[in-house]
Amino acid sequence: MLAGLGVVAFSLTFPSTVWGLESFGPWSLVAVRSTLAALVAGVFLLAGRVPLPERRHWAGLAVVAGGVVIGFPLLTSLALQTSTTSHAAVVVGLLPLTTAAFAAVRTGRRPSRTFWIAAVSGAVVVLGFTLAESGGALSTGDLYLFGALLVCAAGYTEGGRLAGLMPGWQVIGWALILCLPLMLVASAVTLSLEPVHLTAHGVIGLLWVAAGSTFFGLYVWYRGMAAIGIPKASQLQLAQPLLTLVWSVALLGETLSPAAPVAAVAVLVCIAVTQRSTS
């Protein structure tokens, strides 16, 4: 349930980023987003009087920070300047499989053959559906999207591992605090260089990607990963592109094809198989 709630939060990230880009440039959006999320995390850490992590955990927190706090938001924001949200969902379609592969290497846990068959099948369904939705053409933002895929999978894997050693909210909280000095400077610089045109959509989009996607979403996500394991949790994200397409229709006015329900059922079957498989 926690990991699934994280997926719902993440599914709003791309539409919210598109809204945020109405008011901010891609670089300033990421800098301000991370700064606000770090301030929220700092309040929780101070209120809970949480001690500093052990020295051995800081390298892992740096991977989380580089992957999910800076790398993925920045690369996807750059991509969404030229790509539609449905096309950008290709990244999320491959993310579960990539995260499972990273986890197998990093943690040494080996999911069963049934798991891998279901995971690959789910990825194929999502890729086929999202490519069909975007007309099968590759956008100029694809390099950004595939780069985002790699750094995010690394951040998810390391964060899931750390969530087994400390509470999930502390994992993302300390990763955000680690980035705060850099993001404060980046916010000041980018806001002076990129034009800002505040709109209701832009402000709502910024607030959601900061508090919803970055802090709350990663908090419940890492808790869920610690409870059921990184490979199984990652496969729940097979539903994320389809949820994103629903939000794209509702919030951005994009058109959803009749193939969506068919793809949704196929993905849910793949998710069910991965959740019932053994390591």
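See the structure above.
Please read all numbers here as calculations on a predicted model, not as lab measurements. (Residues numbered from 1 in each chain as written. Predicted model: local features only at pLDDT ≥ 70, side-chain atom pairs only at ≥ 80, totals over all residues. Heavy atoms only, no water.)

A. Structural context of the nonpolar core. Grouped together as the largest cluster of nonpolar side chains are 60 residues, with contacts concentrated most on Val68, Tyr156, Trp221 and Tyr222. At 9 residues, helix α8 (residues 168-193) tops the list of elements feeding residues into this core. (Core = buried A, V, L, I, M, F, W, Y, C linked by side-chain atoms within 4.5 Å. Buried < 20%, exposed > 50% of the residue type's maximum accessible area, 1.4 Å probe, protein only. Helix = DSSP H or I, 4+ residues; strand = E, 2+ residues; numbered from the N terminus.)

B. Layout of unusual backbone geometry. One non-glycine residue, Arg49, lies in the positive phi region at around 50°. On the secondary structure map, Arg49 appears in the loop between α3 (26-47) and α4 (58-79). With a relative accessible area of 78%, Arg49 lands in the exposed category.

C. Examining the packing of aromatic side chains more closely. Applying the stated rule across the entire model yields 8 aromatic pairs. Centroid distance Phe10 to Tyr156: 6.0 Å. Interplanar angle 20°. Geometry classified as stacked. Taken together, the residues Phe10 in helix α1 (residues 2-11) and Tyr156 in helix α7 (residues 142-162) connect sequence positions 146 residues apart. Residues Phe10 and Tyr156 agree in their burial class; the two are buried. Since its relative accessible area comes to 5%, Tyr156 is described here as buried. (Phe/Tyr/Trp six-rings, centres within 6.5 Å; stacked < 30°, edge-to-face > 60°.)

D. Local environment of empty space enclosed by the protein. Following the criterion strictly, the structure yields 1 cavity of 30 Å³ or more and no others. Space inside the largest cavity adds up to approximately 150 Å³. Forming the boundary of the largest cavity are 15 residues, of which Phe10, Thr13, Arg33, Phe72 and Tyr156 lie nearest the centre. Going through the elements one at a time, α2 (13-20), α4, α7 and α9 (200-228) are the ones with two or more residues in the lining of the largest cavity. (1 Å grid on protein atoms, 1.4 Å probe; cavity = no way out; pocket = protein on both sides within 12 Å on 5 of 7 lines; lining within 4 Å. Points joined across faces, edges and corners; volume = space filled by probe spheres on them.)

E. Spatial organisation of α2. Counting buried positions along α2 yields 7 of 8 residues, so the element is predominantly enclosed. Among all positions in α2, only Thr13, Phe14, Pro15, Ser16, Thr17, Trp19 and Gly20 are buried.

F. The pattern of salt bridges, seen in detail. A full pass over the atoms with the stated rule returns 3 salt bridges. The salt bridge involving Arg106 is made with Glu158; its shortest N-O contact spans 3.0 Å. Taken as a pair, Arg106 in helix α5 (residues 85-107) and Glu158 in helix α7 lie far apart in primary sequence, 52 residues in all. As a salt-bridge pair, Glu158 and Arg161 come within 2.6 Å of each other at their nearest N and O atoms. Within this pair, Glu158 and its partner Arg161 are both found in helix α7, separated by 3 residues, close to a single helical turn. Classification of Glu158 by relative accessible area gives buried; the value is 7%. Here the salt bridges share partners, and the residues they tie into one network are Arg106, Glu158 and Arg161. (Salt bridge = Lys/Arg side-chain N within 4 Å of Asp/Glu carboxyl O.)

G. Expanded view of the environment of Val92. Its place among the elements puts Val92 in helix α5. Residue contacts for Val92: discarding those within four places in its chain leaves Phe14, Gln237, Gln240 and Pro241. (Contact = heavy atoms within 4.5 Å.)

H. Focus on the packing of α7 against α9. At a minimum axis separation of 8 Å, α7 and α9 run at an interaxial angle of 65°. Considering the relative orientation of α7 and α9, their crossing is right-handed. Contact with α7, carried on its side by Gly155, Tyr156, Gly159 and Gly160, involves Leu218, Trp221, Tyr222 and Met225 of α9 and no other residues of that element. Grouping the amino acids of the contact of α7 with α9 by side-chain chemistry returns 5 nonpolar, 3 polar and no charged. (Axes fitted to C-alpha atoms, helices over the stretch in contact; angles between N-to-C directions. Left-handed = near helix turned anticlockwise from the far one by under 90°. Nonpolar A, V, L, I, M, F, W, Y, C, P; charged D, E, K, R; others polar.)

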